[in-house]
Amino acid sequence: MTAHYDILIVGAGHAGAQAAIALRQAKFEGTIAIVGDEPEIPYERPPLSKDYLAGDKPFERILIRPGAFWPERAVEMLTGRRVVAVDPAAHTATTVDGATIGYGRLIWATGGSPRSLICSGHNLVGVHAVRNRADVDRLIGELATTSRVVVIGGGYIGLEAAAVLTKLGKHVTVLEAMDRVLARVAGEPLSRFYEAEHRAHGVEVRLGVTVDCIEEADGRATGVHLADGEILRCEMVIVGIGIIPAVEPLLAAGAVGGNGVRVDSQCRTSLPDIFAIGDCALHANAFAGGAEIRLESVQNANDMANALAKTLTGNPTDYHAVPWFWSNQYDLRLQTVGLSTGHDAAVLRGDPATRSFSLIYLKQGRVIALDCVNMVRDYVQGRSLVVEGKSPDPAKLADTNVALKEL
Ligand SMILES: Cc1cc2nc3c(=O)[nH]c(=O)nc-3n(C[C@H](O)[C@H](O)[C@H](O)COP(=O)(O)OP(=O)(O)OC[C@H]3O[C@@H](n4cnc5c(N)ncnc54)[C@H](O)[C@@H]3O)c2cc1C
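Structural notes, computed from the coordinates. Please read all numbers here as calculations on a predicted model, not as lab measurements.

Thresholds, definitions, all that
Residues numbered from 1 in each chain as written. Predicted model: local features only at pLDDT ≥ 70, side-chain atom pairs only at ≥ 80, totals over all residues. Heavy atoms only, no water. Pairing = 2+ DSSP bridges. Helix = DSSP H or I, 4+ residues; strand = E, 2+ residues; numbered from the N terminus. Near = heavy atom within 4 Å. Polar contact = N/O pair within 3.5 Å; in protein donor to acceptor, adjacent residues only side chain to side chain. Areas by Shrake-Rupley, 256 points an atom, 1.4 Å probe, with all protein chains shown as cover. Nonpolar A, V, L, I, M, F, W, Y, C, P; charged D, E, K, R; others polar. Core = buried A, V, L, I, M, F, W, Y, C linked by side-chain atoms within 4.5 Å. Buried < 20%, exposed > 50% of the residue type's maximum accessible area, 1.4 Å probe, protein only. Disulfide = S-S within 2.5 Å. Arc of directions from axis to C-beta. Contact = heavy atoms within 4.5 Å.

## Side note on the sheet that holds strand β9 (residues 148-152)
- With parallel pairing, five strands are arranged side by side in an open sheet as β8-β15-β9-β10-β11. Of all the strands in the sheet, just β8 (127-128) and β11 (204-207) have a single pairing partner and so form its edges.
- When β9 meets strand β10 (residues 171-176), the two strands line up parallel, connected through five bridges. Following the sheet pairing, Val151 is matched in β10 by Val174.

## Points about the site of the ligand
- Taken together, the neighbourhood of the ligand is formed by 33 residues, with Asp37, Glu38, Lys50, Arg131 and Asp279 sitting nearest.
- A distance of 2.5 Å separates an oxygen atom of the ligand from a polar atom in the side chain of Asp37.
- When the free accessible area of the ligand is taken as 1,000 Å², the share hidden by the protein chains comes to 96%.
- Taken together, the residues of the shell around the ligand sort by class into 15 nonpolar, nine polar and nine charged.

## Some remarks on the nonpolar core
- Grouped together as the largest cluster of nonpolar side chains are 75 residues, with contacts concentrated most on Leu8, Trp70, Ile107, Trp108, Ile277 and Leu397.
- In this structure, Val149, Ala163, Ala186 and Tyr330 belong to the second largest nonpolar core, which totals 41 residues.

## Focus: the state of the cysteines
- For the structure on display, the rule yields zero disulfides.
- Left unpaired, Cys234 is separated from the closest cysteine sulfur, that of Cys213, by 12 Å.
- Given the relative accessible area of 2%, Cys234 is considered buried.
- Summary of cysteine pairing: Cys280 is not part of a disulfide, and the nearest cysteine sulfur, belonging to Cys267, is at 9.9 Å.
- Judged by its relative accessible area of 0%, Cys280 falls in the buried class.

## As for helix α4 (residues 133-142)
- Every buried residue of α4 is accounted for by Asp135, Val136, Leu139 and Glu142. Down the axis of α4, the smallest arc covering the buried residues is 125°, so these residues share one side.
- Considering only its buried residues, α4 is in contact with α2 (51-54), β8, β13 (220-226) and β15 (236-239).
- The backbone nitrogen of Ala134 lies 3.2 Å from a side-chain oxygen of the residue at the head of α4, namely Asn132.

## Concerning the environment of Leu232
- Locating Leu232 in the fold gives a position in strand β14 (residues 231-233).
- A C-alpha to C-alpha distance of 44 Å links Leu232 and Leu397, two positions 165 residues apart in sequence.
- Residues contacting Leu232, with those up to four places away along its chain left out, are Val150, Thr173, Leu175, Arg206, Thr222, Gly223, Val224 and Leu226.

## Things to note about the side chain of Asn132
- Within the secondary structure, Asn132 is located in the loop between β8 and α4.
- Here Asp135 takes part through its backbone nitrogen, which lies 2.9 Å from a polar atom of the side chain of Asn132.
- Ignoring any residue separated from it by four or fewer positions in sequence, one finds Asn132 in contact with Glu38, Tyr43, Arg45 and Leu48.

## Let's talk about the sheet that holds strand β20 (residues 281-284)
- With respect to topology, four strands assemble into an open sheet ordered β17-β18-β20-β21, the strand pairing being mixed. Looking at strand neighbours, the two that pair on one side only are β17 (257-258) and β21 (292-293), the edges of this open sheet.
- Of the strand pairs in this sheet, β17 and strand β18 (residues 260-262) are connected by two bridges, and their pairing is antiparallel. Bridge pairing in β18 places Gly258 opposite Gly260.

## Quick look at the pairing of strand β25 (residues 357-363)
- Counting buried positions along β25 yields six of seven residues, so the element is predominantly enclosed.
- As paired elements, strand β24 (residues 345-349) and β25 share five bridges and run antiparallel to each other. Residue pairing for β25: Ala345 is matched across the bridge by Leu362.
- Two elements, β25 and strand β26 (residues 366-373), share seven bridges in a ladder whose sense is antiparallel. By the bridge assignment for β26, Leu359 is matched with Asp371.

What follows is the structure, given as structure tokens:
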């Protein structure tokens, strides 16, 4: 065995980094190491499809903490090493180079890997995911020779990338299999608003389309072949169709899970002394009516890490935090609080034509979520409606003369 740590964190992303930070803040004095498969120390992922892709922020400015922070806090950073196996009985993790690391307690914070297309051409040069720095650096490296980009997937990451690349002067086509963009995460008025915004900025948005394969010449992507036979010529394809949680080693070790690893209210997996947090953690969420879900957000990664650090330092704490999220596209800042999945009514507050409005989601009369576009006040004031599950009069919710804090 090469080393032993009181707490070994697998995954040097948002959740893993925050777990180490919060453990030290809670005065945990044992040894901590973070083992991550990327070569970098922890950095923020959201800018990858925003300022970093646009070239507006250098890498150093998206680090979660400066390099000196980690040794100062006695957090050992084992970068560039992928954990491939866990032995819960022996309390060891094995990395891809065969090294074995012992642990007292293990925090699994591995996020997920981008779901790739399954059609032919999915792995050609010129086909990109947007999940880590290497993905985006590769993509940026090809921009000089790219004029046409096809983005497959009209979710947040695909749309953010489309907005940046359009601003950089590329001709962008977004392909979405459903009949509207953001269909999995937002109500129809919000989808239609973003669809119109992208079109107004010159993006070609194609809805209800199925990709057949990626066309190639000399190993490079040259176009996207649609199921109806049409070929969209391009030099670059960006695939933003979700992630697959990176939990194979834990499931192979016997952890309960499937779409993520299942954790209880204190982030415990079914394996002894093994916890999971962040994108990979399948948990019962009160804001989803108790349904077992995975959340893919910085809020969830940080708040789970903070709750777990308390639990591991003798203050057992349930994870119970209101979900929030943001997305930047063009000059539009979307802020979301709560989870809209399962809503049975939506109230539009303000006029989308002004590019400043909110969409408020209700379930059986109770406010479960808000999507606020360039509307910070509603986002701030509407939060307590979600947290407290209030049931205000929908007419008042729609009335912009009534402040949400008065409801
Ligand atoms: C382009 C992009 C834009 C986003 N924008 C937003 C946004 O605007 N707002 C928002 O709230 N959220 C956003 N997100 C989501 C947010 O970044 C994630 O929810 C967050 O990073 C999750 O943190 P995590 O620690 O669970 O996973 P990650 O941050 O993905 O970290 C996991 C780390 O573990 C590593 N790893 C995986 N398997 C292993 C292994 N076996 N051994 C060692 N290391 C391993 C991974 O390579 C990675 O470095 C965005 C994500 C992306 C990709």
